[in-house]
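Chain by chain, the residues:
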Amino acid sequence: QQQRRSSRPLFARLRDGLQRTLESDASFRERYGDSEGAGARVCVVYEGSMDDFVEIGSIMGAHGVVGQVKVRSSTDFPQDRFGRPGVQYLKPRTSAAPQPVALTQCRKAGQDDVFVVQIAGADTREDAIRLTGLTLYASQRDRPSSLDEASEVYVPELLDMQVYIDWGAFAEEDEALAAAMPECLVGRIVDYVPGSEATQSKELGAIREDMLLIEMDPSFDRTVIDHFYQQLSQETEIDGFTNPSSVGGGVQVWECEFCAMEFATEQEAVHHERLCEYRPADDDDAQEISRSPVVRAFIPYVVPDIVTSIDTEARRLWLKPVDGMFLSSFAPPRSAGLGGTD
């Protein structure tokens, strides 16, 4: 029996282990399965976007002889991810996206960020060795239970939120003027960069804060903010304010229509599109592709000085316009998924 089991591919046995766990363990079935024991909440599409996942740790090596592995946590929620049995995601070396696996035993090792984990379907030390170096992920839909539902926001929940100007933040200075201002949509959040990954901004020097990358809505007009401050300054003095639009204004990028790769100029994008491997075979080569650039800017994720409020149900975030809010020269490394880790 052991020989027949070992003849099956390792990840096929991990999938079998997940299914057996869902069928036999009531706690797993309650959290992840439906009434028939299938993994209703478990992602079963093995080819998908990495944007659906956040990195939570990596497998350091084997522990013992029964398939257990040592995992170094890279998440802000280690107890949620590795402190108890549950379903997480493991990315094979030859796969485009992680596959769900069942962590059936979890305990902390000697170091604070290291855990010993049993993955269902991995039964031998050889299996554990073969898993060494692989990365573990969590689904962005799996909100850490330690977060307070009412007062704390899970970073992946920020993705695709619409961003608005919070005129009400100036109610103390001029309540009537703030109330009279029209709703102002800035854009939507397309990425989140932790302060630990920040590099430099020409305007502000070394960045220490977490950053939100905003894709500006075509309707957004920053002169509305300037006009608001001009009216406000007639009645009240705003300490330290110069002009929110004068510092940075976003950076323009052109996206390939077929693969979404970004380019600094439209000419580069058009040239790439003619050769893009994802271009349909029946697409007219001679067709000229012209479009408006996408404008993006970074905004410091500073609560409540800049980010004044967040409504996760309405999918909205409000900003107070302040000096230097829109940063265009900040250039962090590109990450897989929103923020890369959770």
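See the structure printed just above.
A brief report on the enclosed structure follows. Given the structure is predicted, the values throughout are model-derived calculations rather than measurements.

## Considering the pattern of salt bridges
Piece 1. Under the counting rule described, the total for this entry stands at nine salt bridges.
Piece 2. One salt bridge in this structure joins Asp142 and Arg81, with 3.5 Å as the shortest N-O distance. In this pair, Asp142 is assigned in the loop between β6 (135–139) and β7 (162–165) and Arg81 in helix α4 (residues 78–82), connecting sequence segments 61 residues apart.
Piece 3. Salt-bridge contacts for Glu183 lead to Arg316; the nearest nitrogen and oxygen are separated by 3.1 Å. Taken together, the residues Glu183 in the loop between α6 (171–180) and β8 (185–193) and Arg316 in strand β16 (residues 316–319) connect sequence positions 133 residues apart.

## A few points about the sheet that holds strand β3 (residues 86–90)
Strands in a sheet are paired, the pairing made by backbone hydrogen bonds, and the direction either parallel or antiparallel.
Piece 1. Spatially, β1-β2-β5-β4-β3-β6 is the arrangement adopted by the six strands of the closed barrel, whose pairing is antiparallel. Pairwise comparison of adjacent strand axes, ignoring direction, gives a mean angle of 50° for this sheet.
Piece 2. Sitting on the sheet, helix α2 (residues 10–24) touches β3, β4 (99–108) and β5 (114–119), and the angle it makes with β4 is about 70°.

## Considerations on the sheet that holds β16
Piece 1. Pairing in this open sheet of eight strands is mixed, and the strands run β13-β12-β14-β11-β8-β7-β16-β15 from one edge to the other. The sheet is open, and its two borders are formed by β13 (262–263) and β15 (307–311), each paired with just one other strand.

## Observations concerning the nonpolar core
Piece 1. Among the nonpolar cores identified, the biggest contains 30 residues, and Leu158, Trp167, Ile189, Leu212, Ile214, Phe228 and Leu317 are the most heavily contacted of them.
Piece 2. Breaking this core down by element, the ones donating at least two residues are β7, α6, β8, β11 (211–216), α7 (223–233), β14 (294–300) and β16.
Piece 3. Of all the elements, α7 adds the most residues to this core, at four residues.
Piece 4. In this structure Leu158 touches Val153, Ile189, Tyr192, Leu212, Tyr301, Ile310, Arg315 and Leu317, once residues within four positions along its chain are discounted.

## Examining the packing of aromatic side chains
Piece 1. Using the criterion set out here, one finds six aromatic pairs in the structure.
Piece 2. Judged by centre distance (6.2 Å) and plane angle (75°), the rings of Phe77 and Tyr154 are edge-to-face. With a gap of 77 residues between them, Phe77 in the loop between β2 (69–73) and α4 and Tyr154 in the loop between β6 and β7 connect regions that are remote in the sequence.
Piece 3. In this structure Phe77 comes out as buried when scored by relative accessible area, which is 15%.
Piece 4. Taking the relative accessible area as the measure of exposure, Tyr154 reaches 1% and is therefore buried.
Piece 5. The interplanar angle of 40° and the centroid separation of 5.7 Å between the aromatic rings of Phe82 and Phe115 together place this pair among those described as tilted. A residue pair is termed long-range when its members are at least 10 positions apart, and Phe82 in helix α4 and Phe115 in strand β5 qualify at 33 residues. Here the two residues Phe82 and Phe115 agree in accessibility, since each one is buried.
Piece 6. By the ring-pair criterion, three or more aromatic residues cluster together here, those being Trp167, Phe170 and Phe228.
Piece 7. The lysine or arginine in question, Lys320, covers the ring of Phe170, its NZ or CZ lying 5.1 Å from the ring centre.

## Regarding the pairing of β14
Piece 1. The buried count for β14 comes to six of seven residues, which makes it a mostly enclosed element.
Piece 2. As defined by bridge partners, β11 adjoins β14 across five bridges and the pair is classed as antiparallel. Each residue of the ladder has a partner; that of Ile214, found in β14, is Ala297.
Piece 3. Note: strand β12 (residues 251–255) against β14, three bridges, orientation antiparallel. Its bridge partner lying in β14, Val251 is registered against Arg296.

## Some words on the pairing of β15
On any regular strand, side chains alternate: one points to one face of the sheet, the next to the other face.
Piece 1. Across four bridges, the pairing between β15 and β16 is antiparallel. Within the sheet, the bridge partner assigned to Ile310 lies in β16 and is Leu317.
Piece 2. Between β15 and β16, which follow one another and run antiparallel, lie four residues, and Arg315 among them has a positive phi close to 60°.

## Focus: unusual backbone geometry
Piece 1. Of note, the bond from Val303 into Pro304 is cis; its omega dihedral lies within 30 degrees of zero at 0°.
Piece 2. Mapping Pro304 onto the fold places it in the loop between β14 and β15.
Piece 3. Even without a glycine there, the phi angle at Asp160 is positive, about 70°.
Piece 4. You can call Asp160 partly exposed: its relative accessible area is 43%.
Piece 5. Positive phi outside glycine occurs at Arg315, with the angle close to 60°.
Piece 6. Overall, Arg315 belongs to the partly exposed group, its relative accessible area being 30%.

About the criteria used
Residues numbered from 1 in each chain as written. Predicted model: local features only at pLDDT ≥ 70, side-chain atom pairs only at ≥ 80, totals over all residues. Heavy atoms only, no water. Salt bridge = Lys/Arg side-chain N within 4 Å of Asp/Glu carboxyl O. Helix = DSSP H or I, 4+ residues; strand = E, 2+ residues; numbered from the N terminus. Pairing = 2+ DSSP bridges. Axes fitted to C-alpha atoms, helices over the stretch in contact; angles between N-to-C directions. Contact = heavy atoms within 4.5 Å. Core = buried A, V, L, I, M, F, W, Y, C linked by side-chain atoms within 4.5 Å. Buried < 20%, exposed > 50% of the residue type's maximum accessible area, 1.4 Å probe, protein only. Phe/Tyr/Trp six-rings, centres within 6.5 Å; stacked < 30°, edge-to-face > 60°. Lys NZ or Arg CZ within 6 Å of the ring centre and 35° of its normal.

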